[in-house]
Amino acid sequence: MLLAMALLTALPILAVFGYVFVPAPEVWQHLRDTVLTDYLLNTLWLVLGVGFGVLLLGLPAAWLNSMCRFPGQRLFEWALLLPLAMPAYIIAYTYTGMLDFSGPVQSLLRDMTGWGYGDYYFPNVRSLGGAILMLSLVLFPYVYLLARAAFLEQSICVLEVSRTLGSNQWQSFFRVALPLARPAIITGLSLALMETLADFGTVQYFGVTTFTTGIFRTWFGLGDHAAASQLAALLMGFVFVLILLERWSRHKARYHHTSSKYSRLPRYQLRGGMALAAVLVCALPLLLGFVVPVGQLLYWSITTAANGLDSDFIKLVWHSLMLAGLAALFALLLALILGYGKRLSNDPLVNLASRIAAMGYAIPGTVIAIGVLIPFAWVDTQLNNLSKQWFGSNVGLLLSGTLFTLLFAYNVRFLSVSLQTVEAGLGKIKPTIDNAGRSLGLSPFGVLHKLHLPLMKGTLLTAILLVFVDVLKELPATLILRPFNFNTLAVRAYELASDERLADAGLPSLMIVAAGIIPVILLSRSIGKSRAGEH
Amino acid sequence: MKKLLLGLVIASLTAPVLAEGEVNVYSARKEQLIKPLFDKFTEQTGIAVNLVTGKDDALLERLKLEGENTPADLLMTADAGRLYRAVEMELTQPVTSAILQKDIPENLRSPDNQWFGLTSRARPIFYVKDKVKPEELSTYEDLADPKWKGRICIRSSDNIYNQSMLGSMIALNGVEKAQAWADGFVKNFARPPEGGDRDQIKAAAAGQCDIAISNTYYYGQMLAGEDAEDKAAAEKVAIFWPNQADRGTHINISGAAVTRTANNKDNAVKLMEFLVSDESQEWYAEANQEYPVKAGVAPSDLLKGWGEFKADSLNLSELGKHNAAAVRIMDKAGWK
């Protein structure tokens, strides 16, 4: 049963790789001779850059907001999550609009100084560096979120012990808090990096050729499915090796809470220069990742509100919210079943299948969508053949082109988010609790229901909200799989933006962000409350 | 309230019931550029139209995978190359319609009437008025000349309009000459390709390059739109129609094809015929600054002001035929 579910979710990914063994030597020769090195290097730099960027922006802010007091800290605590509501391709549009050579900033600079093209240096937004910056700005909240939750959950005892053993504040951060938070930080980092690998909109808009743009170019431009799916397989191999490396490097270390003694963490009150530095560390990512782009979107929305606000608009909002809500619930359910199943059985096959399924997060939405269509369309065809035999008529498509298909695709794409969150939550619960529950007569389901679920309420909420916001922002799979006459905010924003009407795209983009803000705030509150021992 | 929500959710999860006779359209043309016409069609004929929009290639893939049972009757794309691909994938069927055959010029539909162009657009050269004299310009081929070094702005080769433009050169000059041209052309870029067509015009206006390549409707929209900065940028450049002495300026179409397994073929053809009616052709011209395909329908006043030009009469199927070759040439030339 468990295996079947894991396999079903992994099916679309496997379906795309069905082409992997079709040889395409001639196309590969062409790729090797021309663009493959670019794809490899750009992807590598992008991943390294974003990895460094999200840690740099996310970790210090997380530590400051867990351990210190400084002016504005209560605001930053939740506001630092806001960039999560901003889709990467939209932040890319806004910054391009502002900082482009022909945009207002550079034009003003030229007007003021009389310089022309080539007279001055101005960093180009549409570049590899720009893509790294854009993705870091909207993805760092994953690291911030998970690291902060981990810091907050750390029992004060370990920190106090480290202090009594002679560590100073910095030492206890680097030698105790950081290593203890490692699984959470790695989870946040891997979410950010997987999303980076799957990103198509930003890199394509910036003209940065990566593996993802390469897959599309090979599939559609060169018309070679085999070589394209081999490229995708290569990308997956890369992800898989990363995951394995991380697991291997943890060795046998386990990260359960060993003590449930808890007392509220005393926060360091920062003053003077230190406080100012802390404010800067928190304000900069918030400003660049949220306030500035939202300001630009607001400006665009105001100038175009008359065109965009029609009766259809309410429908768009409703469609977006409904899809995101349903997908989040499904993803949580599936993650609970798979996560808890693994805890119980440890079947290596289930483990492998759910690992494969969870890789969907690193695969571009379009590839997932096609991967979903392949088996679903096959089932539809079989059903129609049967109905023709039995009843002499076609029933039409029962799966393809329904919201069910779309929700399924979301699950394949975002299972990683909910599964990793749930697994991290389960991992913190000592196995002895399971044993105690079972010895007191609870069934395995009872243990989950009566013990685990209440213990990880915060975790569950986190999983739901993360998927919710992700689906709200999702574009490519929605675009391909949605039924007739069904649009979402992301689709509307994309259609306008890809028609090069950035200003008109402002309003739907702003609504995506606005709809994402509420869950993001809820998320922050639920984490603020989740502390070990406080149940 | 809960029950209502649940009901709504369940209703939307199950397969949509598509009524008999309604035309189901998969369109790569954006909703805002087609829906108003569908609404008018429904108003006039009582035939409802259902729409899914998306990217060309993804829609083709969906159509292919859904196979025999696809609900789609009509496929619309924003480029001839994709329509050719749909024919190659055996997703379309030929249509006999006196109206379509009469109103649409021969080179703007497939030789065996598998697909039909509904609007047309050119991809000419735009030059900065105070930096380039029109006498210096002549043909696309000439843009590979070293005298243009560091002066040309064009978007990425991922874009289908560039692939089709190169496809037309392959059709005429062959792969080798096209490769030699692309090698020289890429060397003349003012910067690595980035952004969309409008961005090329804006970059030229701002001084980053002297020449930009863009589709005509983007230029038209910049001039006719409400954004003052866009308008000012567009006013700094002018159109040059290349290759007037030989094959003519490269054009492309947005078009449609009836799917092979269409359940409502008759109504789908009716919809296509409606889209080439005078009324629709005028709407296209006004709303999106595109050229009508139908002879006798005047373009918008703005487009008229750009003057008449000789358009390449190459059958647009050729663009699709040479698409993969074009992508390879671009890869080799280092056209990002």
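Attention now moves to the overall build of chain B. Scanning chain B for helices and strands turns up 15 helices and 10 strands. Relative to the compact-globule value of 20 Å for 336 residues, chain B shows a C-alpha radius of gyration of 21 Å, a close match. Referenced to the eigenvectors of the C-alpha coordinate spread, the extents of chain B come out at roughly 65 × 45 × 45 Å. Expressed as a percentage of its 336 residues, the buried residues of chain B come to 56%.

Turning next to the overall build of chain A. In terms of regular secondary structure, chain A is built from 24 helices and 2 strands. Taking the principal axes of its C-alpha atoms as reference, chain A extends roughly 75 × 70 × 50 Å. With 535 residues in all, chain A has 52% of them scored as buried. Contacts in chain A between residues at least 24 apart in sequence constitute 85% of all its contacts with a sequence separation of at least 6.

What follows covers the packing of helix 1 (residues 2-16) of chain A against helix 16 (residues 348-358) of chain A. Residue and element names in this part refer to chain A. Relative orientation of the contacting elements helix 1 and helix 16 amounts to 30°, with a least axis distance of 8 Å. As helix 1 packs across helix 16, the resulting crossing turns out to be left-handed. Residues Leu2, Leu3, Ala6, Leu7, Thr9, Ala10 and Ile13 of helix 1 form the contact with helix 16, whose participating residues are Leu349, Val350, Ala353, Ser354, Ile356 and Ala357. For the contact of helix 1 with helix 16, the class distribution of residues is 11 nonpolar, 2 polar and no charged.

A word on helix 18 (residues 403-427) of chain A. Taking 1.5 Å per residue as the helical rise, helix 18 of chain A with its 25 residues ought to reach 36 Å, and the 33 Å between its terminal C-alpha atoms agrees with that figure. At Phe414(A), helix 18 of chain A is deflected by roughly 60°, the largest bend along its length.

On to the sheet that holds strand 7 (residues 211-213) of chain B, then. Residues and elements named next belong to chain B. Spatial ordering of the open sheet is given by 6-7-5-8, a layout of 4 strands whose pairing is mixed. Pairing within the sheet leaves two strands with one partner each, and these edge strands are strand 6 (152-153) and strand 8 (237-240). Across 4 bridges, the pairing between strand 5 (residues 125-128) and strand 8 is antiparallel. The partner of Val128 across the bridge, within strand 8, is Val237.

Here we take up the sheet that holds strand 1 (residues 23-27) of chain B. All names here are of chain B. Taking strand neighbours across the sheet as the criterion, the 6 strands line up as 2-1-3-9-4-10 in an open arrangement whose pairing is mixed. Looking at which strands have only one partner, the edges of the open sheet turn out to be strand 2 (49-53) and strand 10 (291-292). Pairing between strand 1 and strand 3 (residues 74-77): 3 bridges, direction parallel. Across the sheet, the residue bridging to Val25 is Leu74, located in strand 3.

Turning next to the domain arrangement of chain B. All names here are of chain B. Assigned domains within chain B: domain 1 (2-121 + 252-298) and domain 2 (122-249 + 317-333). A C-alpha centroid distance of 29 Å is found between domain 1 and domain 2. Every contact between the two is made by 13 residues of domain 1 and, on the other side, 18 residues of domain 2. Take the side of domain 1 that touches domain 2: its biggest share by element is 5 residues, from helix 4 (residues 80-88). Split by residue class, the side of domain 1 that touches domain 2 holds 4 nonpolar, 5 polar and 4 charged.

Excluding glycine, most residues fall at negative phi; most peptide bonds, likewise, are trans. One non-glycine residue with positive phi stands out, namely Glu90(B), at about 60°. Mapped onto the fold, Glu90(B) is located in the loop between helix 4 and helix 5 (98-103).

Another aspect to go through is helix 10 (residues 228-235) of chain B. Residue and element names in this part refer to chain B. When we look at burial in helix 10, the residues that qualify are Asp230, Ala233 and Ala234. Down the axis of helix 10, the buried side of the element spans an arc of 95°, and every buried residue falls inside it. Facing away from the buried surface of helix 10 by more than 90 degrees, the exposed residues are Ala228, Ala232 and Glu235. Those residues of helix 10 that are buried lie in contact with helix 8 (197-206), helix 9 (216-224) and strand 8.

Here Tyr117(A) lies in the loop between helix 6 (104-113) and helix 7 (128-153). For the pair Tyr117(A) and Phe101(A), spaced 16 residues apart in sequence, the C-alpha to C-alpha distance is 8.6 Å. Apart from residues lying up to four places away in sequence, Tyr117(A) is in contact with Ala206(B), Gly207(B) and Gln208(B).

Moving on to the interface of chain B and chain A. Where the parts come together, the accessible area they lose is often given as the size of the interface. With 51 residues of chain B in contact, the opposing surface of chain A contributes 47 residues. At the level of elements, helix 1 (2-13), strand 2, helix 3 (56-66), helix 8 and helix 15 (323-333) of chain B are the ones that each hand at least two residues to the side of chain B that touches chain A. A class-by-class count of the residues in the side of chain B that touches chain A yields 18 nonpolar, 15 polar and 18 charged.

What follows is about the nonpolar core. Core analysis: the largest hydrophobic core is formed by 266 residues, its most contacted members being Val143(A), Ala147(A), Val467(A), Leu75(B), Ala204(B) and Ile211(B). There are two domains that each give this core at least three residues, and those are domain 1 (2-121 + 252-298) and domain 2 (122-249 + 317-333) of chain B. Each residue touching Ala204(B), except ones within four places of it in the same chain, is listed here: Phe126(B), Val128(B), Cys153(B), Cys209(B), Asp210(B), Ile211(B), Ala212(B) and Val237(B).

Turning to the pairing of strand 4 (residues 115-122) of chain B, a few remarks are in order. Residue and element names in this part refer to chain B. Most of strand 4 sits inside the fold, with 8 of its 8 residues counted as buried. With 7 bridges joining them, strand 4 and strand 9 (residues 251-258) adopt antiparallel strand pairing. By the bridge assignment for strand 9, Phe116 is matched with Ala256. Across 2 bridges, the pairing between strand 4 and strand 10 is antiparallel. Within strand 10, the position partnered with Thr119 by the bridge is Pro292.

Here we take up the environment of Gly289(A). All names here are of chain A. In this fold, Gly289 is placed in helix 14 (residues 272-308). Sequence separation between Gly289 and Leu82 is 207 residues; the distance between their C-alpha atoms is 8.1 Å. Setting aside anything within four residues of it in sequence, one finds Gly289 in contact with Pro83, Met86, Leu137 and Val138.

This part takes up the confidence of the model for chain B. Per-chain confidence: chain B averages 90 in pLDDT, with 94% of residues scoring 70 or above. Interface confidence in the predicted complex, given as ipTM, is 0.82; pTM for the same model is 0.87.

With that settled, consider the environment of Asp57(B). All names here are of chain B. With respect to the helices, strands and loops of the structure, Asp57 is situated in helix 3. A tally of 21 C-beta atoms within 10 Å means that Asp57 is categorised as buried. Spatially, the C-alpha atom of Asp57 lies 7.3 Å from that of Arg82, the residues being 25 residues apart in sequence.

What counts, and where the lines are drawn
- Residues numbered from 1 in each chain as written.
- Chains lettered and ligands numbered in written order.
- Predicted model: local features only at pLDDT ≥ 70, side-chain atom pairs only at ≥ 80, totals over all residues.
- Helix = DSSP H or I, 4+ residues; strand = E, 2+ residues; numbered from the N terminus.
- Rg over C-alpha atoms; globule rule 2.2 N^0.38 Å.
- Buried ≥ 20, exposed ≤ 12 C-beta atoms within 10 Å, placed from the backbone.
- Contact = placed C-beta atoms within 7 Å.
- Axes fitted to C-alpha atoms, helices over the stretch in contact; angles between N-to-C directions.
- Left-handed = near helix turned anticlockwise from the far one by under 90°.
- Nonpolar A, V, L, I, M, F, W, Y, C, P; charged D, E, K, R; others polar.
- Expected span 1.5 Å × (residues − 1).
- Bend = angle between axes of the 7 residues up to and from the residue.
- Pairing = 2+ DSSP bridges.
- Domains from an automatic or database assignment.
- Arc of directions from axis to C-beta.
- Core = buried A, V, L, I, M, F, W, Y, C linked by C-beta atoms within 7 Å.
- pLDDT = per-residue confidence, 0-100.

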